[in-house]
Amino acid sequence: MKKEFYKMGILLLILSYSILYCGEALLRQNFLGIFRWMMEYPLSFFINWMLLWLLLLGACVLCKKPGRGVLIVGCIYMTFCVISFYKFIISGEYLTPADLILAGEAASISKEMNIQLERHVVIGVLLSLISMLAAYRCKPLSLRRKQRMVGGVLFGTLFFTTAIIGAKVCTSHEEVPKEEKSLTINKQYNDNGFMIGFTQEVVDLIIEKPEGYSEDTVKNLLMPYKVDNPNNHFAKPNIIMIMSESLFDLTNLPGISYSENPLAYFQNYGENYVSGSIATEVYGGRTCQTEYEVLTGHSVYFTDPQNIAYMKLVNEHTPSIPKLLQEEGYKTFAVHGYEKAFFSRDEAYKDLGIETFIASEDLIDPTLARDYVSDDALVDKVIELYENNQNEPLFCHVVTMQNHMPYTDIYTANGIHVEGDNLTAEEKSRLTTYANGVKDSDKALHKLIAYFEQVEEPTIIVMYGDHLPALDENYALYEKLDYIEGNFDEADCYKLYQTPFIMWNNYNLPAKSMGVIDASYLGSQMLHYIGYDKDPYMNYLIEVNKHLKAYGQNFQIDQDGKLKSLEALSKLEQSVLNNLWMIQYNRLALD
């Protein structure tokens with residue numbers, strides 16, 4: 001039996017190399033470039049190879065027919081690689097562990113996308129299947145059930161041990177100084193291979209206690225921001241916050257002209273009321289992360305942007321702006337142009353203090369745009385909620401959907417034409433679709449404001465974006481148009497990870513420009529603007545904004561508006577950041 005086992009081990013070593021080659025070549029979209037990876041990162045290649053070999057060995061020991069075990073493991077591995085391939089094409093990011101809990105969301109939204117069978121996928125899958133089928137040459141091992149179980153546990157232990165060692169010995173993107181910018185998460189996968197990169201992301205999801213944390217320290221930090229004589233006479237305006245899907249001022253794209261300004265109303269309100277931009281932790285997706293930051297004042301930077309806050313962090317004890325407003329007698333609502341269960345909003349909203357949640361399945365024959373519920377329909381619902389609930393001040397958080405990627409469909413409802421040098425027909429079509437969709441959002445905002453201009457009750461309307469639109473694969477169009485340089489340093493990320501906002505009001509609050517602020521500050525800035533000062537943490541965020549305008553994994557902005565890497569922060573700024581994490585850690589009850 002030993003001879004048979006050795007023969008099988010050698011064959012599986014060859015097959016694991018072959019399957020690994022197919023998977024890694026697929027991720028790189030290059031069947032020759034993988035050899036360069038092997039030469040430049042031999043340790044990463046070797047550990048990935050050993051990991052896949054151990055998985056195949058374990059499967060062959062557990063299964064009576066080795067070929068079946070190889071087929072199961074190989075298919076699972078290649079499925080992950082194919083999913084990662086398409087995710088990278090769509091959003092510019094590889095598959096991460098946090099994506100696994102979004103399987104339902106991904107399946108739902110993929111129905112709306114025109115996903116095509118790519119040549120690399122066909123070649124990679126076929127070559128890997130040929131390798132897997134070769135395993136049927138292995139003779140079954142004569143093992144008892146107990147021996148198979150022991151062997152499975154042994155190889156499983158060896159696999160996990162090797163994976164953890166590999167994650168530690170191969171460089172993680174978390175360990176590289178920001179100013180070098182030599183290892184983003186994507187490059188981590190490219191340099192270390194899919195299996196090690198994935199394992200490193202699993203390790204990064206573990207939330208560690210902040211340095212110097214204690215409950216007493218948190219109390220002392222917040223104590224100065226507890227107001228002894230709070231303002232009990234602020235106007236208690238109706239508050240409508242609109243998170244507009246993929247909102248971006250595309251008039252900032254160099255060399256592109258439009259037959260009509262897609263955001264004319266939005267820009268006008270910004271000039272005459274309050275305007276600025278929020279720095280986000282996400283690009284092209286994970287909408288709920290920005291939403292969570294705005295509604296709670298917590299940053300997903302500290303808990304890992306890949307870690308979906310609504311699913312992993314929010315519970316009935318999570319502090320939030322809706323809960324604060326409930327204490328002031330507000331009725332709290334949320335309106336969304338998609339399914340309730342998407343990102344577990346149906347559960348998260350309850351925990352955040354939103355009493356009534358209306359989603360696409362609750363709307364009767366809403367008008368559609370690009371097969372999604374239109375922004376116009378959502379505005380109509382907000383007006384209806386206000387008219388039916390005039391006894392108490394209203395808080396309504398709106399999440400739009402109609403401008404969701406991809407932009408491969410043709411949408412010209414507003415007749416906006418796009419012109420630009422060197423644009424391909426497909427690029428021009430995508431920009432046209434997006435520009436016409438954003439114009440719908442602009443018109444819907446104007447409709448809502450025009451209505452509340454006639455309302456006597458004080459009202460504030462905030463509109464902000466969740467992230468920039470993924471206009472093309474892997475930031476390609478932004479780079480082609482020289483919106484970014486393509487080296488993804490702080491300057492590039494500054495442009496890719498911010499989205500505009502405006503605050504309009506109907507009761508003569510002063511106009512001002514807030515510049516770029518962190519997304520997690522927006523809620524506190526809105527409360528401060530209307531005169532609410534009862535919550536120490538929200539007051540604390542106002543003070544923090546004076547020292548650190550924005551912070552995150554991509555860039556930091558100091559009090560003078562200067563871009564910095566994390567390592568370039570002053571001792572005071574680093575202390576502010578650590579103190580902020582201590583307070584948020586305490587509020588999340590992670591201890």
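Refer to the structure presented above.
Cut-offs and rules
- Residues numbered from 1 in each chain as written.
- Predicted model: local features only at pLDDT ≥ 70, side-chain atom pairs only at ≥ 80, totals over all residues.
- Heavy atoms only, no water.
- Pairing = 2+ DSSP bridges.
- Helix = DSSP H or I, 4+ residues; strand = E, 2+ residues; numbered from the N terminus.
- Axes fitted to C-alpha atoms, helices over the stretch in contact; angles between N-to-C directions.
- Contact = heavy atoms within 4.5 Å.
- Buried < 20%, exposed > 50% of the residue type's maximum accessible area, 1.4 Å probe, protein only.
- Right-handed = clockwise from strand over helix to strand, strands pointing away.
- Core = buried A, V, L, I, M, F, W, Y, C linked by side-chain atoms within 4.5 Å.

Draft legend 1. Fine view of the sheet that holds strand 5 (residues 356-358). Read from one edge to the other, the open sheet built from eight strands follows the order 5-4-8-1-10-11-3-12, with strand pairing classed as mixed. Across the chains shown, the open sheet's two edge strands, defined by having one partner strand only, are strand 5 and strand 12 (512-518). Between one strand axis and the next, the sheet turns by 15° as a mean value, whatever way the strands run. Sheet analysis places strand 1 (residues 238-244) next to strand 8 (residues 394-399), joined by five bridges and oriented parallel. Each residue of the ladder has a partner; that of Met 241, found in strand 8, is His 397. Contacts from helix 19 (residues 425-452) reach strand 1, strand 10 (459-465) and strand 11 (498-505), with the element oriented near 170° to strand 10.

Draft legend 2. Molecular detail of the pairing of strand 4 (residues 331-336). Most of strand 4 sits out of view: five of its six residues are buried. Alignment of strand 4 against strand 8, held across six bridges, turns out to be parallel. Within strand 8, the position partnered with Thr 332 by the bridge is Phe 395. Taken together, the three bridges between strand 4 and strand 5 define a ladder with parallel strand orientation. Bridged to Ala 334 within strand 5 is Phe 357. Viewed along the sheet, the connection from strand 4 through helix 17 (residues 345-351) into strand 5 turns out right-handed.

Draft legend 3. Local environment of the nonpolar core. In this structure, Met 503 and Met 526 are the most contacted members of the largest nonpolar core, which totals 72 residues. The dominant element in this core, judged by the number of residues it contributes, is helix 24 (residues 571-587), at seven residues. Sequence-distant contacts of Met 503, defined by excluding residues within four places in its chain, comprise Tyr 273, Val 274, Ile 460, Ile 461, Val 462, Met 514, Leu 522, Gln 525, Met 526 and Tyr 529. If you look at the next biggest cluster of nonpolar residues, it comprises 63 residues, including Ala 279, Val 398, Phe 452 and Leu 496.

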